[in-house]
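# Coordinate analysis (summary)
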Amino acid sequence: SPSQKNGLRIMTTVYIGIGSNLGDRIANCANALTEIRGFADINRVSSVYETEPVGAKEQPEFINCVIGVDTDLKPEDLLKLLKDTEVRLGRTLSDKWGPRVIDLDIILYGNRLFESAELVIPHPEAHLRKFVLVPLDEIAPDILHPVFNRTVRELLEDSDDMSEVSYKGPPSLINPQLYTNYKQP
């Protein structure tokens, strides 16, 4: 349900990580953007990166990007819509580190801290992962992580993650004509 104050919709900027390493990885990410556009206003899309898998290394490389959306949905409601989107796009339950058609994760939800059985915000491992930090730095380098009180750029510069994150292409690779108010980083 939407957040409201005095009858006005309260919009929050949320950063969502998108990843795929099965099937047509780029099309899977593009389809996720199309679905997300149905329930959130996309205002930023990072470039597309190819990245090494985390955990179980014997699987295909991922395509990853990060988007910024404005939404009036509560965190739990946004999570439900993202999980429903994953299922619609073909995701099945797999091992925590296993391959997947699509993976949609809430990284930051404004400056909120939130914890439930299903969801922790900010994402508890995002600050450790270059495959999140590199695209997030591209579209929101000065955003403060609400737990560490450090910018995304500072977290990336201090990252110990040695995994490979390779530029694959511009946002238009997954987003040719998705919306009209795109803000180039």
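Here the structure is shown first, and the text comes after it.
Here goes a summary of the coordinates provided. Just so it is clear, the structure is predicted and the values come from calculations on it, not from any experiment.

Secondary structure assignment for the protein yields four helices and twelve strands. Put simply, the protein has 185 residues, and 48% of those count as buried. Put simply, 72% of the contacts in the protein that link residues at least 6 apart link residues at least 24 apart. By element, 51% of the accessible surface of the protein is carried by carbon and sulfur atoms, the whole surface being about 9600 Å².

Our focus in this paragraph is the pairing of strand E6 (residues 62-71). The side chains of a regular strand alternate, residue by residue, between the two faces of the sheet. Counted residue by residue, E6 has nine buried out of ten residues, so it is predominantly covered. Direction of pairing for strand E3 (residues 12-20) relative to E6: antiparallel, over a ladder of nine bridges. When the sheet's bridge partners are listed, Thr13 is paired in E6 with Asp70. With four bridges joining them, strand E4 (residues 41-45) and E6 adopt antiparallel strand pairing. What sits directly across from Ile42, in E6, is Val69. When strand E5 (residues 48-51) meets E6, the two strands line up antiparallel, connected through three bridges. Counted as the bridge partner of Glu50 is Ile63 from E6.

What follows is about helix H2 (residues 75-88). Structurally, the α-helix is built with 3.6 residues per turn, so residues lying three or four positions apart point the same way. Here H2 contains 14 residues, and its C-alpha end-to-end distance of 20 Å stays within 8% of the 20 Å for a straight helix at 1.5 Å per residue. Buried residues along H2 sit against E3, helix H1 (25-36), E6, strand E7 (103-109), strand E8 (114-115) and strand E9 (120-121). Directly beyond the C-terminal end of H2, a positive phi value near 110 degrees is found at Gly90.

Core analysis: the largest hydrophobic core is formed by 29 residues, its most contacted members being Ile18, Ile36, Ile67 and Ile106. Of all the elements in the fold, those that place two or more residues in this core are E3, H1, E4, E6, H2 and E7. With five residues, the top contributor of residues to this core is H1. Contact partners of Ile18, with chain neighbours within four places excluded, come to Cys29, Ala32, Leu33, Ile36, Ile63, Asn64, Cys65, Ile67, Ile102, Asp103 and Leu104. Ranked by size, the runner-up nonpolar core spans 17 residues in total, among them Tyr15, Ile107, Phe131 and Val132.

Take the side chain of Arg25 next. Inspection of the secondary structure puts Arg25 in helix H1. Side chain to side chain, Arg25 and Glu50 meet in a polar contact 2.8 Å long. With sequence-adjacent residues up to four places away left out, Arg25 is seen in contact with Ser20, Glu50, Glu61, Phe62, Ile63 and Lys168.

Residue placement: Asn28 occurs in helix H1. Asn28 sits in the buried class, given a relative accessible area of 14%. Here the side chain of Asn28 touches Ser20 through a polar contact of 3.0 Å, side chain to side chain. Engagement of the side chain of Asn28 in a polar contact is seen with the backbone oxygen of Leu22, the distance being 2.7 Å. Those residues within four positions of Asn28 in sequence are excluded, and the remaining contacts are Ser20, Leu22, Gly23, Leu89, Val101 and Ile102.

Relative to the helices and strands, Ile10 is located in the loop between strand E2 (8-9) and E3. Assessed through its relative accessible area of 36%, Ile10 is described here as partly exposed. For Ile10 and Asp72, which are 62 residues apart along the polypeptide, the C-alpha to C-alpha distance reads 5.5 Å.

This part covers empty space enclosed by the protein. Under the definition given, this model contains one cavity of 30 Å³ or more. Taken together, Ile107, Leu108, Ala126, His127, Val132, Leu133, Leu136, His145, Val152 and Leu155 make up the full set of residues lining the largest cavity. Of all the secondary structure elements, the ones that give two or more residues to the lining of the largest cavity are E7, helix H3 (130-139) and helix H4 (152-157). Tallying contributions element by element places H3 first for the lining of the largest cavity, with three residues. Considering only residue class, the lining of the largest cavity consists of eight nonpolar, two polar and no charged.

How each quantity is defined
Residues numbered from 1 in each chain as written. Predicted model: local features only at pLDDT ≥ 70, side-chain atom pairs only at ≥ 80, totals over all residues. Heavy atoms only, no water. Helix = DSSP H or I, 4+ residues; strand = E, 2+ residues; numbered from the N terminus. Buried < 20%, exposed > 50% of the residue type's maximum accessible area, 1.4 Å probe, protein only. Contact = heavy atoms within 4.5 Å. Areas by Shrake-Rupley, 256 points an atom, 1.4 Å probe, with all protein chains shown as cover. Pairing = 2+ DSSP bridges. Expected span 1.5 Å × (residues − 1). Core = buried A, V, L, I, M, F, W, Y, C linked by side-chain atoms within 4.5 Å. Polar contact = N/O pair within 3.5 Å; in protein donor to acceptor, adjacent residues only side chain to side chain. 1 Å grid on protein atoms, 1.4 Å probe; cavity = no way out; pocket = protein on both sides within 12 Å on 5 of 7 lines; lining within 4 Å. Points joined across faces, edges and corners; volume = space filled by probe spheres on them. Nonpolar A, V, L, I, M, F, W, Y, C, P; charged D, E, K, R; others polar.

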